[in-house]
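Tertiary structure, described
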Amino acid sequence: MTQSYNGHVNPVGWLFLWLLQWAFPGSHAALAIFSLCVWGLTLVLAAWVGFELTDRWIGAALLALIAGLSLFGLEASVWWAAAMYAVPYQFFLVACLLGFVKALKGGSRTWIWFGLLCYVGTVLSYARGFLLALLVFGVVASIPAQGPEPMGHRIAWRWARGYWLAMLGIAALALGFLWRRSGSQLASTEPVELMRQIWNLLTLNVLPALWGGPWRWTPVSLPDGWSPVVANPAPAGWMVWACLIATGFAIGWIWRLRPSLRGWLGWSLAFSAVVLLAGGLARAGNPFASEAYRYTFDLVWPLGLIMVLAAVPLWWQHSQVSLGGSGLIVLICISAVFSAVTPSRLWGSNQARDYMENATAGFSGIPADTRLLPQGVPAALVDPIRISALANSEVVMSPVPGSPQFGDVADGALLGFSPWGVVEEQQVEGPTSVKGPDPDCGYLVSSTPRTVRLDGALIAWAFYARVAYTSGTATTLNLAVGGRITTVPLQAGGPRVVYFPVQGPGEEVLVSLGADDAVACLSEVAIGNRVSPDSGELVPLPPSGLPDDE
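Residues numbered from 1 in each chain as written. Predicted model: local features only at pLDDT ≥ 70, side-chain atom pairs only at ≥ 80, totals over all residues. Heavy atoms only, no water.

**Quick word on the nonpolar core**
Soluble globular proteins tend to bury their nonpolar side chains together. Core analysis: the largest hydrophobic core is formed by 96 residues, its most contacted members being Leu53, Phe100 and Met167. A per-element tally of this core places helix 5 (residues 80-104) first, with 15 residues. Setting aside anything within four residues of it in sequence, one finds phenylalanine 100 in contact with Ile112, Gly115, Leu116, Val136, Val140, Trp159, Trp164 and Met167. Judged by nonpolar contacts, the second largest core, of 26 residues, contains Tyr443, Phe463, Leu513 and Ala518. (Core = buried A, V, L, I, M, F, W, Y, C linked by side-chain atoms within 4.5 Å. Buried < 20%, exposed > 50% of the residue type's maximum accessible area, 1.4 Å probe, protein only. Helix = DSSP H or I, 4+ residues; strand = E, 2+ residues; numbered from the N terminus. Contact = heavy atoms within 4.5 Å.)

This is the structure:
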């Protein structure tokens, strides 16, 4: 549970994933339903926090609506790789806030212990969870939940000194452990790159999401005729400036007309700056730098709180709810729903599901004793550049119940997956051995190395070999090409065929058997590309490459 996944270490998420796969092997629906249920509970807790602070149901409803409909939460709640850490992290985050808010309003100290336990859950859900200590301290010190004046930093520190120290200790231990396990490195500390990434996150991500944007998305065109998808916000320049100006007016309005919230306004902006700095340090200078919402999703809580408390008075205030402010929040929520239409439509029509459904439907037709050679998967399914370690059929298919066995050698048939995921028998097309000199045998091979010439040349590239043979005994074949010797098992009897990956260049191969008393006939040796028979397209190579040298 402490392994790193794409730079993230999240034991809580791995635990939930393990339990779900144990109970519902290979079920994506179980994972999706679980994530949505936990996210729903998180919104219920958020509504509880809103009600505790305002003592009004409209305060509870508005906070839940902002969090539930904001674009901050879209990617982090529907994409399993992000949801695995983001969903439990946000659940524990809101639960921790609830514990301290209840204690702040005069509840039992048990609520603080509850909050402290939930804080442990946040740091074990997501490495950035240690920042929750800042957020909670800001709530206690800056939100006047007990009366006209906020508690202030000194009194807040004395109010729960032991708990704050415990939080700092937990944060230090968890951060050090998780950072070491993740093996993460800062993308860049170059000031120019760092500021550029922070500015992009602020203007393309945070500001539009704050006002229900982005309204425009960057489409990612995919190869092989797959439908495009979107991941990054791409608002036009005028939209960015409109959001920037509107945010400035909103800050000025709160500062002037809601003086009791000035402290919390400052804390919200400070926490947002820290999150932007963390996102900048993680992505600045990276050739695949992204402004995706998974880097700022937790900003919805401080920003949502300041929006709700600006429109809905605190529980001890007797002023009226601001109809204009509440209406603006509702409009922002409607805008957020509109912004989510495009990614929802494009991702819903993506053919990744069809590919996996075709593949799993073909598992039953693969003989139990047949091994498949790993192949690459379509770039639209897993990007071989950004996530090269996962763009491999063995990695993608093995977790699915009923999946076939994979190996470095395939006997009898070269089975694989078509560009649309259909299980098929594939071919090797490329230079082939010239006719062998031995009658009714082709090439008689023993433990003494023998040269087999090809009718074409191989470049320095990864290929697949197809060897047709007949052997009197079970033995091993050594095939040398491109400066590499590959050893594969041969079965007794025949005629049989064996497939395995090799590496060019070369115009001939050197073959021999591993046993002194064994002989075999090689009728054909072909080395070339793996080809899908129906479409004639090349089957992509797995990015992991060939096995290590023998």
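Alright, that's what it looks like, and here's the rest.
**A look at a nonpolar patch on the surface**
Residues Leu15, Trp18, Leu19 and Trp22 make up a contiguous nonpolar surface patch of about 480 Å² in total accessible area. With respect to the helices and strands, leucine 15 occurs in helix 1 (residues 11-23). (Patch = residues over 30% accessible without salt bridge, like charges linked within 9 Å, V, L, I, M, F, W, Y side chains within 5 Å. Areas by Shrake-Rupley, 256 points an atom, 1.4 Å probe, with all protein chains shown as cover. Salt bridge = Lys/Arg side-chain N within 4 Å of Asp/Glu carboxyl O.)

**A word on the state of the cysteines**
The full count for this structure, using the stated rule, is one disulfide. At a sulfur-sulfur separation of 2.1 Å, the disulfide partner of cysteine 441 is cysteine 521. The sign of the -105° torsion about the S-S bond sets the cysteine 441-cysteine 521 disulfide as left-handed. Placement of the pair is cysteine 441 in the loop between strand 8 (427-429) and strand 9 (443-445) and cysteine 521 in strand 16 (residues 520-531), with a sequence separation of 80 residues. In this structure cysteine 118 is not part of a disulfide, and its nearest cysteine sulfur, from cysteine 96, lies 6.2 Å away. (Disulfide = S-S within 2.5 Å.)

**A word on the packing of helix 5 against helix 7 (residues 132-142)**
At a minimum axis distance of 10 Å, the contact between helix 5 and helix 7 shows a crossing angle of 25°. Classed by the angle they form, the pair helix 5 and helix 7 counts as roughly parallel. When you trace helix 5 past helix 7, the crossing you get is right-handed. Facing Leu93, Cys96, Leu97, Phe100, Val101 and Leu104 of helix 5, the residues of helix 7 in contact are Leu132, Leu135, Val136, Val139 and Val140. Split by residue class, the contact of helix 5 with helix 7 holds eleven nonpolar, no polar and no charged. (Axes fitted to C-alpha atoms, helices over the stretch in contact; angles between N-to-C directions. Parallel < 35°, antiparallel > 145°, perpendicular 65-115°, else oblique. Left-handed = near helix turned anticlockwise from the far one by under 90°. Nonpolar A, V, L, I, M, F, W, Y, C, P; charged D, E, K, R; others polar.)

**Things to note about the packing of aromatic side chains**
Tallying each qualifying case throughout the model produces 17 aromatic pairs. Consider the rings of tyrosine 85 and phenylalanine 297, whose centres lie 6.4 Å apart with planes at 55°: the pair is tilted. One end of the pair, tyrosine 85, is in helix 5; the other, phenylalanine 297, is in the loop between helix 12 (262-283) and helix 13 (300-311), and 212 residues separate them in sequence. Just as tyrosine 85 is buried, phenylalanine 297 falls in that class too. One aromatic cluster is present, formed by Tyr85, Tyr89, Tyr126 and Phe297 through successive ring pairs. The cationic tip of arginine 109 hangs over the ring face of tryptophan 159; the distance from NZ or CZ to the ring centre is 5.1 Å. In this structure, arginine 530 packs its charged tip against the face of tyrosine 464, placed 5.1 Å from the ring centre. (Phe/Tyr/Trp six-rings, centres within 6.5 Å; stacked < 30°, edge-to-face > 60°. Lys NZ or Arg CZ within 6 Å of the ring centre and 35° of its normal.)

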